[in-house]
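Topology and contacts: notes
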Amino acid sequence: MKKLLILATLVAWAPVAFAELPPLIPRDVLFSAAEFLTPSVSPDGKRIAWLAPDDNHVQQIWMRPLDGGDAKQLSHEKKRPIYQYAWADDNSTILYQQDSDGDENWHLYAIDVATGNVRDLTPWQGIHLDAFRTDRKRPHEVLVGLNLRDRRFIDMHRIDLRTGAVTLDTRNPGDVVAFIADADMVVRGAQATTPEGGHEIRWRADAKSPWRVLVRTGPDEVVELVDFSADGKSVIMRTSIGSDKVRLVERNLATGAQKELASDDEVDVDNVVIHPTRHVVQAAAFEKATREWKFLDKTFEADFEQMTKLGDGAVALLARDHADRVWIAEFMSDHGPIQYYAFDRASKKGTFIAVHRPKLKGLVLAPMKGVSITARDGLKLAGYLTLPQGVEAKNLPLVLFPHGGPWARDTWGYNRDVQLLANRGYAVLAGELSRLDRLRQEIPARGRSSMGTQDARRPRRCRAMGGRRGHCRSEARRDLRRLVRRLLGARRRDVLARCVSLLGRHLRCVQSHDVHEIDSAVLDGVPLDPPATRWRSRRSERR
């Protein structure tokens, strides 16, 4: 009876404006497993593979002919979903990573697509697979990072797909976090950390030559080795040295001469498209209000622009076959599911493959708009504002949604957490509100503490939530338990785990004094007034 009285009171308090909102989207439509993800094309261009759940809701690898036909389930994992996979260059094997019950000791598995036979290529207990790479010059070989020799360090090994033989290729001296191979699949580059917390790029002439230092930076700079040129005489790097933004550059190993390939005055360079055999940069992406591309290859640009006409939203190239004739494209939209297409460069025609969440089709989703915010110290911060549909954009309750970080960033496109809140009447502001590396030159001079969200706490109709807000985690958990007891009684505390799961594990990090507004709206599907008019934790009252 008490529970019914509380719910009836909440409905009575809901603002009249919320009656104009679109129909409530069920939580499982937004938060259940996607039905289609990350398609890729086989090296011969005749088949596609993708990730999708099976009848037991475990994400598996599937395959079918490119031109249509029945889907074939290739993997049969019992409990853990598969997140990463790739075609081997022998055209008959698919590789994927998997751990055991979430221990993050990743193993590399190989599936024979003809027979369905699955082999564990790294069958040692306690080992960890860091990364793997294949190359069409050596189609029966995989280059992998493993801590097989010493559990503390990732060394590079070669695995023969035909025999399963594993051979140590390159030892890790102890400070290397990543190795890079050249066009001939020879390990010639290394990215290491320095005792001061900085970064160091190393290279060598061949597999038997000593390592040399190419670049050494402090902890506040970004430097990342991306690839070698086809002749092995230059490297392609992402770097912030000498700039406030990360640029894409090419540097000659012998002379040190450097030329800029792609940069932007507002944002860092993001995704980079490199031709798989010529090892030249064809395009670079910059995540602004929406994704923008800078092209360095005119032929590639013409076909890419033709491909963008197939779908709606920000486009990305996911995969291509060995002949570079078939491309797999992803279209990310802010108001609908992700769309996947196959594009034939010869005919200039595309074929629709699938969407990642078919249940979203036909639903009213809120568009996301890029905005620029002037902080109290004058810095310009990029953000994304999402307004609920069907109501006037005036005096709306606002949820500030900082990303995890400080080194991550938000991007334009479909976001299930944002859509959940917008569908229930909240305006949502997400963006670069705590990211320190976007303004790496200015922030140290002004003080890093200015990059918080303190001002957003003061307005009575503005609250904050988000992932990895570690300073408030324990307080938020305590307030969540208090809220659950208040709503459903002390005997129903099991609802807490279900509530946290439904929000994608974000609620555990909600600002402690803002838990009541956000959580109660999500639990009951009832848009609420700000908590200042109703429940407030004692911590909030003290403020």
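Everything in this summary refers to the structure shown in the same document. Not measured: the values here are computed from a predicted model. (Residues numbered from 1 in each chain as written. Predicted model: local features only at pLDDT ≥ 70, side-chain atom pairs only at ≥ 80, totals over all residues. Heavy atoms only, no water.)

1. Quick notes on the overall build of the protein chain
Across its full length, the protein chain holds nine helices and 32 strands. In the protein chain, which comprises 543 residues, the proportion classed as buried is 51%. Sequence separation of at least 24 residues holds for 47% of the intrachain contacts in the protein chain that already meet a minimum separation of 6. Element-wise, carbon and sulfur atoms account for 49% of the exposed surface of the protein chain, whose accessible area totals about 25500 Å². (Helix = DSSP H or I, 4+ residues; strand = E, 2+ residues; numbered from the N terminus. Buried < 20%, exposed > 50% of the residue type's maximum accessible area, 1.4 Å probe, protein only. Contact = heavy atoms within 4.5 Å. Areas by Shrake-Rupley, 256 points an atom, 1.4 Å probe, with all protein chains shown as cover.)

2. A look at the side chain of Gln60
Within the fold, Gln60 resides in strand 3 (residues 59–65). Within polar-contact distance, the side chain of Gln60 engages the backbone oxygen of Glu77 at 2.8 Å. Among all residues touching Gln60, those that are not within four sequence positions of it are Trp50, Leu51, Ala52, Asp54, Gln73, Ser75, His76, Glu77 and Ile82. (Polar contact = N/O pair within 3.5 Å; in protein donor to acceptor, adjacent residues only side chain to side chain.)

3. Some thoughts on the nonpolar core
Core analysis: the biggest nonpolar cluster contains 23 residues, and Leu30, Phe36, Trp50, Ile328, Ile353 and Tyr414 have the highest contact counts within it. Contributing elements (two or more residues each) for this core: helix 2 (27–31), strand 2 (47–53), strand 25 (326–332), strand 26 (339–344) and strand 27 (349–355). In terms of nonpolar packing, the next biggest core, distinct from the first, is built from 15 residues, Ala285, Phe304, Trp327 and Tyr341 among them. (Core = buried A, V, L, I, M, F, W, Y, C linked by side-chain atoms within 4.5 Å.)

4. Details of empty space enclosed by the protein
Scanning the model with the defined rule gives three cavities of 30 Å³ or more in all. If you add up the space inside the largest cavity, you get close to 50 Å³. Val29, Ser32, Ala33, Ala34, Glu35, Arg357, Pro358 and Lys359 are the residues that line the largest cavity. (1 Å grid on protein atoms, 1.4 Å probe; cavity = no way out; pocket = protein on both sides within 12 Å on 5 of 7 lines; lining within 4 Å. Points joined across faces, edges and corners; volume = space filled by probe spheres on them.)

5. Observations concerning the packing of aromatic side chains
For the structure shown, the criterion picks out twelve aromatic pairs. Ring geometry for Trp327 versus Phe343: centroids 6.1 Å apart, planes at 45°, classification tilted. Of this pair, Trp327 sits in strand 25 while Phe343 is found in strand 26, placing the two residues 16 residues apart along the sequence. Of the residues examined, Trp327 reaches a relative accessible area of 0% and is grouped as buried. Phe343 gets classed as buried once you look at its relative accessible area, which sits at 1%. With a centroid separation of 5.6 Å and 85° between ring planes, the pair formed by Phe331 and Tyr341 is classed as edge-to-face. Pair noted here: Phe331 is in strand 25 and Tyr341 is in strand 26, with a separation of ten residues, a long-range link. Of the two residues, Phe331 and Tyr341, both sit in the buried class. Here the aromatic cluster, defined as three or more aromatic residues joined through ring pairs, consists of Trp293, Phe295, Phe300, Phe304, Trp327 and Phe343. (Phe/Tyr/Trp six-rings, centres within 6.5 Å; stacked < 30°, edge-to-face > 60°.)

6. Some points on the environment of Leu161
If you trace the backbone, Leu161 turns up in the loop between strand 11 (155–160) and strand 12 (166–170). Distance from Leu161 to Pro139, taken between C-alpha atoms, is 8.7 Å for residues 22 residues apart in sequence. Apart from residues no more than four positions distant in its own chain, Leu161 is found in contact with Ala88, Asp90, Leu95, Arg119, Leu121, Pro139, His140 and Val142.

7. Quick notes on the sheet that holds strand 12
One open sheet holds the four strands; their spatial order is 9-10-11-12, and the pairing between them is antiparallel. Both edges of this open sheet fall to strand 9 (129–135) and strand 12, since each of them pairs with a single strand only. Neighbour-to-neighbour, the strand axes of this sheet turn through a mean angle of 30°, independent of strand direction. (Pairing = 2+ DSSP bridges. Axes fitted to C-alpha atoms, helices over the stretch in contact; angles between N-to-C directions.)

8. With respect to the layout of surface pockets
The method is simple in principle: a probe with the dimensions of a water molecule rolls over the atoms, and the space it marks as empty is what remains. Considered as a void within the structure, the largest pocket measures approximately 2000 Å³ in volume. What lines the largest pocket is a set of 50 residues, and nearest its centre among them are Ala86, Phe132, Arg133, Thr134 and Leu318. Secondary-structure elements contributing two or more residues to the lining of the largest pocket are strand 1 (37–41), strand 5 (85–87), strand 9, strand 10 (138–146), strand 13 (176–181), strand 17 (223–228), strand 21 (272–274) and strand 24 (314–320). Here the residues of the lining of the largest pocket are counted per class, giving 28 nonpolar, ten polar and twelve charged. (Nonpolar A, V, L, I, M, F, W, Y, C, P; charged D, E, K, R; others polar.)

9. Thoughts on the sheet that holds strand 25
Strand order in the open sheet formed by four strands is 24-25-26-27, with antiparallel pairing between adjacent strands. Here the strands that pair on one side only, and so sit at the sheet edges, are strand 24 and strand 27. Here the strands of the sheet are splayed against their neighbours by 30° on average, with no regard to which way each runs. The sheet contact formed by strand 25 and strand 26 spans six bridges and is antiparallel. If you follow Ile328 over to strand 26, its bridge partner there is Ala342. Across the sheet, helix 3 (residues 298–307) touches strand 24, strand 25 and strand 26, and the angle it forms with strand 25 is around 55°.

10. Details of unusual backbone geometry
The phi dihedral of His57 falls on the positive side, at around 65°, and the residue is not glycine. Within the fold, His57 resides in the loop between strand 2 and strand 3. Since its relative accessible area comes to 69%, His57 is described here as exposed. The phi torsion at Lys348 lies on the positive side, around 60°, for a residue other than glycine. Mapped onto the elements of the fold, Lys348 is located in the loop between strand 26 and strand 27.

11. What about helix 3?
If you check which residues of helix 3 are buried, you get Phe300, Asp303, Phe304 and Met307. When helix 3 is viewed along its axis, its buried side chains cluster within an angular range of 105° and face the same direction. In the core, the buried residues of helix 3 are packed alongside strand 21, strand 22 (281–287), strand 23 (291–295), strand 24, strand 25 and strand 26. Residue Asp297 occupies the N-cap position of helix 3, its side-chain oxygen lying 3.0 Å from the main-chain nitrogen of Thr299. (Arc of directions from axis to C-beta.)

12. Some thoughts on the environment of Gly413
Relative to the helices and strands, Gly413 is located in the loop between strand 30 (398–402) and helix 4 (416–423). Residue Gly413 is classed as buried on the basis of its relative accessible area of 4%. Sequence separation between Gly413 and His335 is 78 residues; the distance between their C-alpha atoms is 7.7 Å. The residues touching Gly413, leaving out its near neighbours within four places in the chain, are Met332, Ser333, Asp334 and Met368.

13. Points about the environment of Ala316
With respect to the helices, strands and loops of the structure, Ala316 is situated in strand 24. Sequence separation between Ala316 and Trp293 is 23 residues, and the spatial gap between their C-alpha atoms is 9.7 Å. The contacts of Ala316, once residues within four sequence positions are left out, are Arg291, Trp293, Ile328, Ala329 and Glu330.

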